[in-house]
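Residues per chain are reported as follows:
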Amino acid sequence: MSNEYQVLSERIYSDFPIFGSCIRQRAAVALSKDKSPQAVKILAEAVVRSSDRKVITIALEALRNLRDRDSVNAFCQVWAESQVWAESRHKDLTTILKNRRYVSTEPKFLVLSALKVGALDLVKKGDIKVLDPLLAAISDKDTQIASAASVCLVELQDRKVIDALCKRWIENPSSQLQNVIQKGGYEPEEPSSKALFYFLLGEWQKYENLDFDQSLLAKAYQLAPQELKGRISEKARTGGRIELIKILTDTRLSFNVDTITDQYWEIFTDILKLQPNRREIWRFLNNAPALYSKKLLDKLSNTSPKWSNNIEEFTFKQLFELAKNLKEQDFNFLSSFEAQKTTHTKTLTGHTNALMNLVISLDGQTLISSSADDTVRFWNLLSGNQIKTLASPSYLAAISSDGRVLASGSRDESPLEHPNIQFKELVDTFGALPDSFSYGDARAITINIRLWDLPHATLSKTFKVSTTGPGSNRLDDSQVLHTSLVYSLAISPNGKILISGSEDKTIRLWSLPDGNHIKTLRGHTDAVCCLKMSPNGKILISGSNDKTIRLWSYPDGTFIKTLIGHTDVVNSLAISPDGTILVSGSQDKTIRLWSLPDGTFIKTLTGHTDAVYSLVISPDGKTLASGGQDNTIRLWKLSQNIPIDKFNIEDISKIELKIDDYRIKESFRNILKFTLALIHLRQQFDIDIEDS
């Protein structure tokens, strides 16, 4: 607003003693002669806000005679927004709008003003710019406007507006929007969008007539964001629609069985329970992980699919007999076979010093790395692209699995003033909760522990866990504190116990939040470098400078087993979310995989050119990230719940040998027999799965 209009705007509300009325009226007269958009806006606002009746009379007279398009637009804007100051738009302005049939040319105010004056064709024939204001208008406090908006929405004439309206419903469904679409008889013009539209509406006959080979739905599904894919899947599940199974298991439609998540296998079983199509049942049994084949057979136990011949029926009954007494939790036994298929997928570069810590966000989308180069970097886990970088050194710390307690260590007698910035950044931005961190120079050295309440990082307790001075190795059973510096921390799943590993070769347990010493575990012959707790809280795992990994029963601390294989210091540990796979990283440049709880060696992963300092597994258990002294992060595909078609001849031989192993539990043996039967079904039994 220019200085001239600013002065007039102030004068029209002047409360100057004695002369205030004269000043106000002169300002109103000057503005009424001007009639520019700026003047019109000031006059219209004065009608709404002024208490001077003479000023209002002057303004109303001027506003009744607007001819300039921009001035009309300014009037319509003030009229439309006058509801901000009151429950309804100003009565006098509304009267002028209707009598003079003022309609704005600006989309937002065009819709409101046209609806109010009854110029509905302007809205019905409007372009894409009218859609948002029109949708907002159906909830307008003015019932005339809301009613007129409802009429226009079902009589739209522009094809692009109709397509945009349908797209809006597909992406953000609401009963109100669906009612508009159905009353208007609208549908998208583009074929794949139309197929998806029918599918989500549950108009099955129209969908089947349009998309007889599922190619249109497949295209729409590929382009859909994750949330929309979830809606498609839920519609398929509740409607018993086998089309989703077809498009996600048919490689001709460019989908890969490897990419199907556990959630989708579960959805498929629900679909086939409602719609036991024999062709898709066989397709499922020939592709799905063994666990989900068992789940499907359980759900089909009270149904009778229409088999094409006696051989099909007999085979199905054999599988059902094998599956009926199996327990779902026993399928974790297959993890050791599946983990052997772990492969390297990507190498991420960017850090200029050793990788000390890795964290994956709770949604599994973001990898966060902390380095001795004093930076924290964020990466897209799927693409490997770097998202952002923070300047932030890292400190030794551990976080409870419920995310409520952070224990941080300091290098000297003075406490850390506040947990490192990265913890707040991780929680606030990505919802990620690291379960351990170490200092940037390859080893954290800790004397004092600080307990912080999360998420606000409020200091709640300080206590000492070690005597001062590196190199002290006094072994005194009566000594409560570590006799040397602490290199590793972990917190029990229930958040009540802090575990510390030290250069003094011991592991000590401390109660939280009081910090009292509970017990000391001995057995390692050199410094304890890393600690992990199993997800079920029953096993504590420690790695050491003595090149070994030790398993301990928790909470009693009974020694279980020593895992031997690394040829140098064990720097890092990670455990799969289901607790069946242990991963260890070492100074010997290798990563080793072990089965839990028995500790059987599975496989060695090579690729790093120097020590491996940090490991983390994604929440879905399918991605392993490793980092180390070579400044790189390597991503690995951890195979879990492998589709049956991925087992090869070598796998069959291993399973057959394991079945004959007298040392395994009978329940595990039965899991292997069932898995083998599914493999043989795919490889040997040539079933005609085309519908009869």
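The structure displayed is predicted, hence computed values, not measured ones.

Undergrad: Looking at this model, I keep getting lost on the pairing of strand β3 (residues 366-371). Mind explaining?
TA: The side chains of a regular strand alternate between both faces of the sheet. Where burial is concerned, most of β3 is hidden: six out of the six residues are buried. Both faces of β3 are covered, namely the face carrying T366, I368 and S370 and the face carrying L367, S369 and S371. Here five bridges tie strand β2 (residues 355-360) to β3, and the two strands are oriented antiparallel to one another. The partner of N357 across the bridge, within β3, is S370. The antiparallel pairing of β2 with β3 creates a hairpin that spans five residues between the two strands, and G364 there sits at a positive phi of about 75 degrees. Taken together, β3 and the strand that follows it, strand β4 (residues 375-380), pair antiparallel across an intervening segment of three residues, in which D374 is found at a positive phi of about 65 degrees.

Undergrad: Mind showing me how you'd approach the packing of aromatic side chains here?
TA: Working definition: an aromatic ring pair is given by the centre-to-centre distance plus the angle between the planes. Taken as a whole, this structure holds 14 aromatic pairs when the rule is applied. With a centroid separation of 5.4 Å and 75 degrees between ring planes, the pair formed by F199 and Y207 is classed as edge-to-face. No difference in accessibility class separates F199 from Y207, as the two residues are buried. Ring centres of W552 and F559 lie 5.8 Å apart, and the angle between their planes is 70 degrees; this geometry places the pair in the edge-to-face category. You can call W552 buried: its relative accessible area is 3%. For F559, a relative accessible area of 36% corresponds to the partly exposed category. Through pairs of rings, three or more aromatic residues link up here, namely W169, F197 and Y198.

Undergrad: I'm lost on the pattern of salt bridges in this one. Help?
TA: Counted according to the given criterion, the structure contains 31 salt bridges. The closest approach of N and O atoms between K324 and E321, which form a salt bridge, is 3.0 Å. With relative accessibility at 41%, the residue K324 sits in the partly exposed group. Members of the salt-bridge network, linked through shared partners, are E234, R237, E266, D270, K295, K299 and E328.

Thresholds applied
- Residues numbered from 1 in each chain as written.
- Predicted model: local features only at pLDDT ≥ 70, side-chain atom pairs only at ≥ 80, totals over all residues.
- Heavy atoms only, no water.
- Buried < 20%, exposed > 50% of the residue type's maximum accessible area, 1.4 Å probe, protein only.
- Helix = DSSP H or I, 4+ residues; strand = E, 2+ residues; numbered from the N terminus.
- Pairing = 2+ DSSP bridges.
- Phe/Tyr/Trp six-rings, centres within 6.5 Å; stacked < 30°, edge-to-face > 60°.
- Salt bridge = Lys/Arg side-chain N within 4 Å of Asp/Glu carboxyl O.

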